[in-house]
Amino acid sequence: MIAQFASDATAAINWSDLHLSPIALDLGFFKLRWYSIAYISGILVGWWYLLKLLAQPGAPMARRHADDLVFYVTLGIILGGRIGYILFYKPEMIATPFEMLKLWEGGMSLHGGFLGVILALLYFTRKHRLNMMRICDYVACVTPFGLFFGRLANFVNGELWGRPTTLPWGIIFPATGDGIPRHPSQLYEAGLEGIVLFAVLNLMFWKTDARYQPGKLVGTGLVGYGLARTLLELVRQPDAGLEHLSWGLTMGQTLSIPMILVGLYLVATAKARRVRVEGTAGLASVA
């Protein structure tokens, strides 16, 4: 097996040869990382697209609500993502509080960020007395932007690599220290969680009446992400210390199962929740 991988390594792509750097801009006293740009880009592009969705008939909130929404969702992403990463993957970091604050070095959990966003939306919708489920549907449609940019940043950072592979597009990531070609699982995730999920959700938004069935879009998003993550965990290298969980699943798969189940429930019951939609802003009511 070692000889096979050694042979394959001669034909594999070396990540170092791509001349990628986690640092996008280095001014000496200030370093801007691609990881930070990914988060900022996901939020800004998502904000811009959300405004386009809200301009359609039957929007669940006014455009003026969008600024407030983005603020709370951003807090949910950052706090939830970091806390989730520490609790799910690196609990030993609790003993070093300063390390917990080093967001610029990476280390965010999608599942933790999801929970953070849910809490942020609960507060936001109660504050403005808006329909929580319908707001979630709209947020689900813009979420793939953040997933896409985030996974690209993971690749640029040379982190969260895949399992060993003999496929011709295998990449040797220097940080592994073993010189073995591995799946570029970050790019697989960018494609499935970002591009494919965006295409599905927004086809449903623009071409069907899914946005008038509260829970259908967010439910589809949960199922789509959960299935994509569960499948990609088969080629993604588990986090150190979590390679062999006693129940036979990776941590990513374990956390995705509840998402899939909740998503299936929301999709199955969405039609029963359909009511006459009264637009908060914009054009006339839409049945």
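In the block above lies the structure referred to throughout.
Values in this document were obtained by computation on a predicted structure and should not be read as measured data.

Topic: the sheet that holds strand E5 (residues 181-182)
Logical step 1: Read across the sheet, 3 strands follow the order E1-E4-E5 without closing on themselves; strand pairing throughout is mixed. Sheet topology places strand E1 (13-14) and E5 at the edges, where each strand pairs with a single neighbour.
Logical step 2: In the sheet, E1 pairs with strand E4 (residues 171-172) via 2 bridges, with the strands oriented parallel. Across the sheet, the residue bridging to Ile-13 is Ile-171, located in E4.

Brief notes about unusual backbone geometry
Logical step 1: Although it is not a glycine, Arg-129 sits at a positive phi angle of roughly 55 degrees.
Logical step 2: Looking at the secondary structure, you find Arg-129 in the loop between helix H5 (110-128) and helix H6 (132-157).
Logical step 3: A positive phi angle is found at Leu-160, which is not glycine, with a value near 55 degrees.
Logical step 4: In this fold, Leu-160 is placed in the loop between H6 and E4.
Logical step 5: Look at Leu-160 and you get partly exposed, because its relative accessible area is 27%.

Concerning the side chain of Thr-176
Logical step 1: By the element assignment, Thr-176 lies in the loop between E4 and E5.
Logical step 2: Take Thr-176: its relative accessible area is 19%, and that puts it in the buried class.
Logical step 3: Looking at Thr-176, its side chain comes within polar contact range of the main-chain oxygen of Phe-173, at 2.8 Å.
Logical step 4: Side chain to side chain, Thr-176 and Asp-178 meet in a polar contact 2.8 Å long.

A closer look at the packing of aromatic side chains
Logical step 1: Evaluated as defined, the whole model comprises 12 aromatic pairs.
Logical step 2: Geometrically, the ring pair formed by Phe-155 and Phe-173 is edge-to-face, given 6.1 Å between the ring centres and 85 degrees between the ring planes. Of the two residues, Phe-155 sits in helix H6 while Phe-173 sits in the loop between E4 and E5, which places them 18 residues apart along the sequence.
Logical step 3: Given the relative accessible area of 10%, Phe-155 is considered buried.
Logical step 4: Note on Phe-173: relative accessible area 0%, which makes it buried.
Logical step 5: With centroids separated by 5.3 Å and ring planes inclined at 70 degrees, the aromatic side chains of Phe-205 and Trp-206 adopt a geometry described as edge-to-face.
Logical step 6: On the accessibility criterion, Phe-205 (0% relative accessible area) is buried.
Logical step 7: Among the aromatic residues, those joined into a cluster by ring pairs are Trp-48, Tyr-49, Phe-145 and Phe-198.
Logical step 8: Residue placement shows Arg-211 over the ring face of Phe-205; its charged tip is 4.5 Å from the ring centre.

Comments concerning the packing of helix H2 (residues 34-54) against helix H3 (residues 63-88)
Logical step 1: For the pair H2 and H3, the least separation of the axes is 11 Å and the interaxial angle reads 150 degrees. Judged by the angle between their axes, H2 and H3 are roughly antiparallel. Handedness of the crossing formed by H2 with H3: right-handed. Judged by residue contacts, Tyr-39, Ile-43, Trp-47, Leu-50, Leu-51 and Leu-54 of H2 engage Arg-63, Ala-66, Asp-67, Leu-69, Val-70, Thr-74 and Ile-77 from H3.
Logical step 2: Of the residues belonging to the contact of H2 with H3, the class tally is 10 nonpolar, 1 polar and 2 charged.

Let's talk about the pattern of salt bridges
Logical step 1: This model, assessed by the stated rule, comprises 8 salt bridges.
Logical step 2: Across the pair Glu-193 and Arg-151 runs a salt bridge, and its minimum N-O distance is 3.2 Å. Of this pair, Glu-193 sits in helix H7 (residues 185-207) while Arg-151 sits in helix H6, placing them 42 residues apart in sequence. For the pair Glu-193 and Arg-151, a shared accessibility class is recorded, and that class is buried.
Logical step 3: The salt bridge involving Glu-233 is made with Arg-236; its shortest N-O contact spans 3.8 Å.
Logical step 4: Overall, Glu-233 belongs to the buried group, its relative accessible area being 3%.

Parameters and conventions
- Residues numbered from 1 in each chain as written.
- Predicted model: local features only at pLDDT ≥ 70, side-chain atom pairs only at ≥ 80, totals over all residues.
- Heavy atoms only, no water.
- Pairing = 2+ DSSP bridges.
- Helix = DSSP H or I, 4+ residues; strand = E, 2+ residues; numbered from the N terminus.
- Buried < 20%, exposed > 50% of the residue type's maximum accessible area, 1.4 Å probe, protein only.
- Polar contact = N/O pair within 3.5 Å; in protein donor to acceptor, adjacent residues only side chain to side chain.
- Phe/Tyr/Trp six-rings, centres within 6.5 Å; stacked < 30°, edge-to-face > 60°.
- Lys NZ or Arg CZ within 6 Å of the ring centre and 35° of its normal.
- Axes fitted to C-alpha atoms, helices over the stretch in contact; angles between N-to-C directions.
- Parallel < 35°, antiparallel > 145°, perpendicular 65-115°, else oblique.
- Left-handed = near helix turned anticlockwise from the far one by under 90°.
- Contact = heavy atoms within 4.5 Å.
- Nonpolar A, V, L, I, M, F, W, Y, C, P; charged D, E, K, R; others polar.
- Salt bridge = Lys/Arg side-chain N within 4 Å of Asp/Glu carboxyl O.

Interpretation note: all reported values are geometric properties and have no functional meaning in isolation.
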